[in-house]
Every structure is written in C-alpha cells, then in structure tokens.
Amino acid sequence: MTKSGKNRFLLALCLTALPAYADEDVDVYNLNLQDLLSIKIATSTLTEKDISNIPAPVTIFSRDEIEALGVRFLHEILEYVPGYQVTRYSNYPYEYSASSRGLTFGASSKKILFLLDGHKINDPRSGNATLLANFSLHHVERLEIIRGPGSSIYGSNAFTGVINIITRKEAKEVSIATGNEINYDIFAAYNQSLYDYQFDVQLNKVKSQGDDYQIKDVFTGDPFKTDDPFELSSLQLALSDERSRYQLHYREIDMENFYHTARTSNLYNFSSHSALFLFTEQKIDLFEDVSSSVSIDYLKTELINGNQSSPAGAFSAISEPSSDDPLHGYGALDSYRVLTAFNNNWQINQSYEMQFGLEWQYNKESRAEGFTNFDLAAVLSRQFPVDYYPNVDYKIKVGGEQSQPFYGAYLQLQSNMGAINWIVGGRLDQYPDLDSQFTPRLGLVYLADTHWQLKLLYGEAFRAPELSELTLFSGISRSGNASLESERIKTTDFIAQYTGQTIWFSIDLFYNEFKNPIINGLVNGLNGQVNGDSEYGHGIETELVWQIAEKTRLRTTATHFTKLPKSAFKDSNTLASMQLDHRFEAFQIGISGTYRSKRQTPISLSETKKLDDFWYWRSFISYNISSNLSTQLSINNLLNETFYNPSITPSLSDGIPLKGRNASITIKWAF
C-alpha cells in the first residue's frame, strides 16, 4: 500500500472508532438509524431477529440507503460490504464476481449463496451467481448480507457468505435514465389488490452503448480498440396473500466485444444469458405451536457464448478446404433445477424455539454443446487435414449433460434467556457420488447492556463440486475433473457491537480454516479445478453507521486480512469504504468511495505482477420536484482514473480494465 493509501485507510478505520463521541439525543431525518436497527432479519436463522441479537455478522442495505448510494447494479453495492471484494472478469464483458473474506474462485461467485426472497438462485450447472452481478437494484427493497458460513441451514454454496435479495412489494413507480454510457434505463412497477391477494409487476429494460477501451490483442500483442455494449431485461411477477406466494422472475442479458473467455475479438465475441425462476410457497398448519411451509422452486438458465480462439490464418495450411478464418464458434449451455423444501418453526415456550426441515434438490445440465468452424476433435487430436465448416456447424459435446440429485435435513435450537441468547444446530447433506456432509453451527450472543452486544460464533460449511467442474470435457483450454472432492471451511467470529440512538458500530475478528479448497489448477495439462492444500486466513472487519446530525449520515467500513490464503493472491488484503449523505430541503447529495489495496494478477503459471491500489469514487445528487416527482444525477469513477482488476489467466497480463467516468440522470415518478 502506498503512503497516501495507508493514510486514507487509517482515516476510514478512525471513522469507525467514533461512537464514544456521538450525541445520542439528536433527532434523525428520514434515513432513520433506528428503522435500520429494528429491521427483522431472517436470512441467518430462518426466524426474525434484529441486528442486535442476530448470531451472525450481517450488513443491511434498506431501500433508502440503496437510493442514497446512487448505484444501479448489485455488484456495485457489494463493494461497500466488509470483507467482500468485487472483480470484473474476462469471461463476459459485463459480468463481475464477488468474494467474501479472501477466498475467490477464478471468475465466479460460487462460494457465496445468493437468495431471491429466501430461495436459492445460484446456477444449477456452474454454481455461479446467475446474472446477479448486474442484477438491477430497481427490484430490491432490502439486501441482507451474511458474512461467513451458512451451510447449517442452506447446504452447499453458502461457503463464505449468503446474500438475500429481498424484492420490492406494493411499489408504484416509473423511472427513466440516460447518460454517456447508458442509452436508457427504463423501470416500471405496479401493484394491485385482487380480492385477498396482492399482485405486483416490475419491468426493467437497459440498453448501454458501453465504454471504449484500448487493450492488448491476445493473439498479436498489438493495441486493440474495443467496447462493451449490452442490453439487459428483467421481469418480475408476484401474487401473494397472508399464507401463500407465487413468484416469477425472468432475466436476460446480451453482450458483445471486449473479452470473452479471455480472448479479444470485435467480430466473433458475443454472449447471451437468460434465467427463469419460479417458486411457490405455502404456509400450512400441521401441529399446534408449529408453523410450517412448503415450497417448490424451478430455475432454468441458458447461456450462449461465442469467441475467437486462434489468430486469423492459423489453419490455412492444414484445413480442407483451405481457409484463413480464425478458429471461432460458440458454446450452448443449458441447465435447470427443481427444489422442494419443508420448513418448520416450533415455539416450544417463551424461551426456546426449534427450526427443522427437509430439502430435495435436482440439478441437471440439459445441454452442453459447442459449434465451431473447424473440426475441433481433429484439432485437439492433431489429425490433419482439418475439415472447415464455413457456417460454424461442426458440433461437439463440451459437457456430460449429467444430473446431480441430493437431499438435506437441518435442525437448530435457539434460546432467548434474557441477556444471553444462544443457538446450536446442524445440517446433513447427502450426494449420490460424494461423501455426506455434516455442517454444525454454534452461537452465543451476550447483551451486555442497552448498547453493547458481544457475539461468539462458530460455523462450518461445504461446497460440493458443480456439474461444470466435474463433467466439462477437455477442450482447447479447459478440462473438467471428475475426481474433485467437496471443499470445507471452519469459521470462528468474535464480534463486539454497539447500538445507540445515532450510532451503530461493529468490530469482528474472524478466523477461517479451509480444507480441500477447490482452486484453479492444471487437469490433463489444461486449466481446470483441483483440490488444493489446507489453508487458513484471518482478519478484522469494522462497520459504522452514524447519524452525525439531523440530516447528515455517514457509513464506513474497513477490513484488513492479517493472513490471506495463498490461493487468494488476486484479492486485496486491505479494504475500506465510506458513504456520506446530506439532505436539505428538497435536495439530497452524497459522495462515496471504495478502497482496494494492491493485488496480484498472473503473468505466467508461476509468476504474478502487482496491480496498483486505488480509491474508486462516486457522487449522487437528487432533487424532489414535487411529492411524487424527482430527478437524480449519478456519477461513477468521479475522477476518471484508470483502474484494473486481476485477470484469471496469464494471457491478460495487464489485468481487466474498469469503466471510465460515466454519468446518468434519472427522472422518477412515484404514484
């Protein structure tokens, strides 16, 4: 870290140590801290608890806070969470991955479990966050972000974090935005009462011309001009009453140019992702003092990804008929999941309650095919001449198109005994071709006085290998590994937390031990996933929300890893963020920034180079024209600096560039 970087981090850390000097008698304005502290959170325990007694390190963003940041997509707001790091990666032009507590996985967020209104939505085939990096925050009422393991309730993927996206209900709103990078962003939401039901519909359409970049052509090494346009659409429908909910969420995004699978091409690079999620949830009464629910989920994902895989003319001498075309093509990957769950809460008495449930899940890779303009099997086996297919209609299997059924059962007991609350529980998961996994959980919360809480937590988690990791066939650059074992983590947290009238402050010391971590490695001489050696990591996370004055609020975070796992060299060991908002009359203004210390990007199989540390600044201003009409101006990368994220492959030795300064103006009508 540079000297100036250290000074800025120390400033952020100092800001999180101010509660002793705050005036608790100040009345708050609109962004009421007490409203935030009283939010009931169910993600960690499946029972409603507030931030003072929840047995987990948790960060919450309410609707007001999301709007005050002026950010547009989920990946942007995750940068303000302690321990979380967001990286732009090179598989697709507008995709980002998130890691929690310094354990990344190549280009994906599969070690974090994503929930939509409490239901799992990680990709059935790959475990990735299905289109969630660019999930539009228009749809979001609240984010509940758990740091640390959650497998004792949710099973696989709840490895280093759980993110519950709680969607908006009863919203009536229309907005349109435009800017130098976004052509338009249109959102509409409507709610209607239908007898005893509430019907909600939300629609979002985004078209972006993207930013301009000059990067290095991976085939020639020459300067290469490109951009990253995309189109994004999402639709949500929900029908609910007091005892049931039916929900549909559909998303799709189309992208071009930039990097695709770490390769450059403005002619052949494209991708199209879509995801359809349906669920129904029904409350039932089976026993006295036991509240139960049954849910059925269906998730279907489709991906088509095209790229160029060789320089032009590479096959001219060995192809039949001869062609100067580069090797190019596309892959088509489809998958679906069916999940049914039976959850119960037994209120034993005023002091004790028990949660227990069963889950059955079936993941299926329904399509895994590739289409190229040359005979790929002949290329890989070096059988010449290689047949040329000008219409890109040579077809080859790229995956096993297999299924992955499994079931799980969990049980936990909680007690509220005045100043001491505790929780103990565990979950058993059984996969047909993998070892069964038992993940325990223990938690103790001590309410020392009206302001201070102390929490001692222990949890374990696992992540089973995904279908894409096990059955991916050997290709040009990647291979699956059928011998992969589940990875495990053991985590201990000690949390000291202060809650006051105008201050919420938390400091968390954590220790992680990883067993059989699934990391990038060589499989049959190609890139793939392997089980690494056991590792450990530890650090400190702090978070502060402070109502400085009636209309001024500050939120800061600071994270420092005193030990990062060896495989996490692409992550920063020091993180910080700050957000300052002020409201006066009809105006609201805000500025926010996120800090990342130096990281490393691979330049060969055994060498890395450091990427500079940086602060990334955003600004936001809004004006209420009337009680239901407002306008907002948002600016990202306020100083228009050039920043890079680490690459997942040595061929991109400069790293992956972030977007330059981009601004948008929004007009919103709430009715």
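Because the structure is predicted, anything quoted here is derived from the model rather than measured.

## A word on the overall build of the protein
Phase 1: Summing up its helical and strand segments, the protein has seven helices and 42 strands in all.
Phase 2: On C-alpha atoms alone, the protein measures out to a radius of gyration of 25 Å, which is about the 26 Å that the 2.2 N^0.38 rule sets for 671 residues.
Phase 3: When burial is assessed residue by residue, the protein has 57% of its 671 residues classed as buried.
Phase 4: Put simply, 65% of the contacts in the protein that link residues at least 6 apart link residues at least 24 apart.
Phase 5: Of the roughly 26800 Å² that the protein leaves accessible, carbon and sulfur atoms contribute 55%.
Phase 6: Computed over 58 positive and 78 negative side-chain charges, the inter-centroid distance for the protein is 4 Å.

## Here's the deal with the environment of His538
Phase 1: Secondary-structure assignment places His538 in strand S32 (residues 535–549).
Phase 2: Placed 436 residues apart in sequence, His538 and Gly102 show a C-alpha to C-alpha distance of 9.0 Å.
Phase 3: The contact partners of His538, leaving out residues within four places of it in the chain, are Phe510, Tyr511, Phe561, Thr562 and Lys563.

## Things to note about the pairing of strand S36 (residues 599–602)
Phase 1: Judged from the four bridges that link them, S36 and strand S37 (residues 608–611) form a sheet pairing that is antiparallel. The partner of Gln600 across the bridge, within S37, is Lys610.
Phase 2: The turn linking S36 back onto S37 is made up of five residues.

## Remarks on a nonpolar patch on the surface
Phase 1: Residues Met417, Ile420, Leu444, Tyr446, Leu454, Leu456, Phe494 and Leu509 make up a contiguous nonpolar surface patch of roughly 690 Å² in combined accessible area.
Phase 2: If you list the elements that add at least two residues to the nonpolar patch, you get strand S26 (437–447) and strand S27 (452–463).
Phase 3: Mapped onto the elements, Tyr446 comes out in strand S26.

## Considering the pairing of strand S39 (residues 629–636)
Two faces belong to every sheet, and in a regular strand the side chains alternate between them.
Phase 1: Among the eight residues of S39, six are classified as buried, and the element is accordingly described as predominantly covered.
Phase 2: Looking at chain direction, strand S38 (residues 614–624) and S39 are connected through seven bridges and run antiparallel. Its bridge partner being in S39, Ser619 is matched across the sheet by Ile635.
Phase 3: Where S38 hands over to S39, the hairpin turn is made up of four residues, counted between the paired strands.
Phase 4: Where S39 lies against strand S42 (residues 662–670), eight bridges are found, and the strand directions are antiparallel.

## So, the pattern of salt bridges
Phase 1: All told, the structure shown has 39 salt bridges when counted by the stated rule.
Phase 2: The shortest N-O distance in the salt bridge between Glu302 and Lys300 comes to 3.7 Å.
Phase 3: The shortest N-O distance in the salt bridge between Glu369 and Arg367 comes to 2.9 Å.
Phase 4: Since its relative accessible area comes to 11%, Glu369 is described here as buried.
Phase 5: Taking the relative accessible area as the measure of exposure, Arg367 reaches 27% and is therefore partly exposed.

## Comments concerning the packing of aromatic side chains
Phase 1: Within this structure, the stated rule accounts for 30 aromatic pairs.
Phase 2: On the basis of an interplanar angle of 75 degrees and a centroid distance of 5.8 Å, the ring pair of Phe73 and Tyr94 is categorised as edge-to-face. Residue Phe73 is found in the loop between helix H3 (63–69) and helix H4 (74–77), and its partner Tyr94 is found in the loop between strand S2 (84–88) and strand S3 (96–100); the two are separated by 21 residues along the sequence.
Phase 3: Considering the side-chain rings of Phe587 and Tyr623, the 4.7 Å spacing of their centres and the 40 degrees angle between planes classify their relative orientation as tilted. With Phe587 in strand S35 (residues 587–596) and Tyr623 in strand S38, this pair connects stretches of sequence that are 36 residues apart.

## A short note on the environment of Pro229
Phase 1: You can see Pro229 is positioned in the loop between strand S12 (223–227) and strand S13 (230–240).
Phase 2: C-alpha of Pro229 to C-alpha of Tyr84: the two residues are 145 residues apart in sequence and 27 Å apart in space.
Phase 3: Once you skip the residues sitting within four places of it in the chain, Pro229 turns out to touch Ser208, Gln209, Gly210, Asp254, Met255, Glu256 and Asn257.

## A look at the nonpolar core
General note: in soluble globular proteins, nonpolar side chains tend to be found buried as a group.
Phase 1: One finds Phe61, Leu74, Ile77, Leu143 and Ile165 to be the most contacted residues of the largest nonpolar core, which totals 42 residues.
Phase 2: Counting residues in each nonpolar core, the second largest holds 19 residues, with Leu33, Leu36, Ile146 and Val545 among its members.

## Brief notes about unusual backbone geometry
Phase 1: Here the bond from Glu320 into Pro321 is cis, since omega is -5 degrees, no more than 30 degrees from zero.
Phase 2: Among the structural elements, Pro321 can be located in the loop between strand S19 (319–320) and strand S20 (328–347).
Phase 3: Positive phi outside glycine occurs at Val392, with the angle close to 55 degrees.
Phase 4: With respect to the helices, strands and loops of the structure, Val392 is situated in the loop between strand S22 (386–387) and strand S23 (394–397).

## What about the side chain of Asp429?
Phase 1: The residue Asp429 is located in strand S25 (residues 420–430) in this model.
Phase 2: Residue Asp429 is classed as buried on the basis of its relative accessible area of 0%.
Phase 3: Here Arg427 takes part through its side chain, which lies 2.8 Å from a polar atom of the side chain of Asp429.
Phase 4: When sequence neighbours within four positions are dropped, the list of residues in contact with Asp429 reads Gly155, Phe406, Tyr407, Gly408, Ser436, Gln437 and Phe462.

## Here we look at the environment of Glu550
Phase 1: Its place among the elements puts Glu550 in the loop between S32 and strand S33 (552–563).
Phase 2: Remark: the alpha-carbon pair of Glu550 and Thr502, spanning 48 residues in sequence, is separated by 9.6 Å.

## Observations concerning the side chain of Ser292
Phase 1: Note on placement: Ser292 falls in strand S18 (residues 290–308).
Phase 2: A polar contact of 2.6 Å, which involves the side chain of Ser292, links it to the side chain of Asn344.

## Side note on the sheet that holds strand S1 (residues 58–62)
Phase 1: On the basis of which strands lie adjacent, the open sheet formed by five strands has the order S1-S6-S7-S4-S5 and mixed pairing. Each edge of the sheet is formed by a strand with only one pairing partner; in this case those strands are S1 and strand S5 (119–120).
Phase 2: The pairing of strand S4 (residues 112–116) with strand S7 (residues 161–167) spans five bridges and is parallel. Note on S7: the bridge partner recorded for Phe114 is Ile163.

Conventions we followed
Residues numbered from 1 in each chain as written. Predicted model: local features only at pLDDT ≥ 70, side-chain atom pairs only at ≥ 80, totals over all residues. Heavy atoms only, no water. Helix = DSSP H or I, 4+ residues; strand = E, 2+ residues; numbered from the N terminus. Rg over C-alpha atoms; globule rule 2.2 N^0.38 Å. Buried < 20%, exposed > 50% of the residue type's maximum accessible area, 1.4 Å probe, protein only. Contact = heavy atoms within 4.5 Å. Areas by Shrake-Rupley, 256 points an atom, 1.4 Å probe, with all protein chains shown as cover. Lys, Arg positive; Asp, Glu negative; His and termini not counted. Charge placed at Lys NZ, Arg CZ, Asp CG, Glu CD. Pairing = 2+ DSSP bridges. Patch = residues over 30% accessible without salt bridge, like charges linked within 9 Å, V, L, I, M, F, W, Y side chains within 5 Å. Salt bridge = Lys/Arg side-chain N within 4 Å of Asp/Glu carboxyl O. Phe/Tyr/Trp six-rings, centres within 6.5 Å; stacked < 30°, edge-to-face > 60°. Core = buried A, V, L, I, M, F, W, Y, C linked by side-chain atoms within 4.5 Å. Polar contact = N/O pair within 3.5 Å; in protein donor to acceptor, adjacent residues only side chain to side chain.

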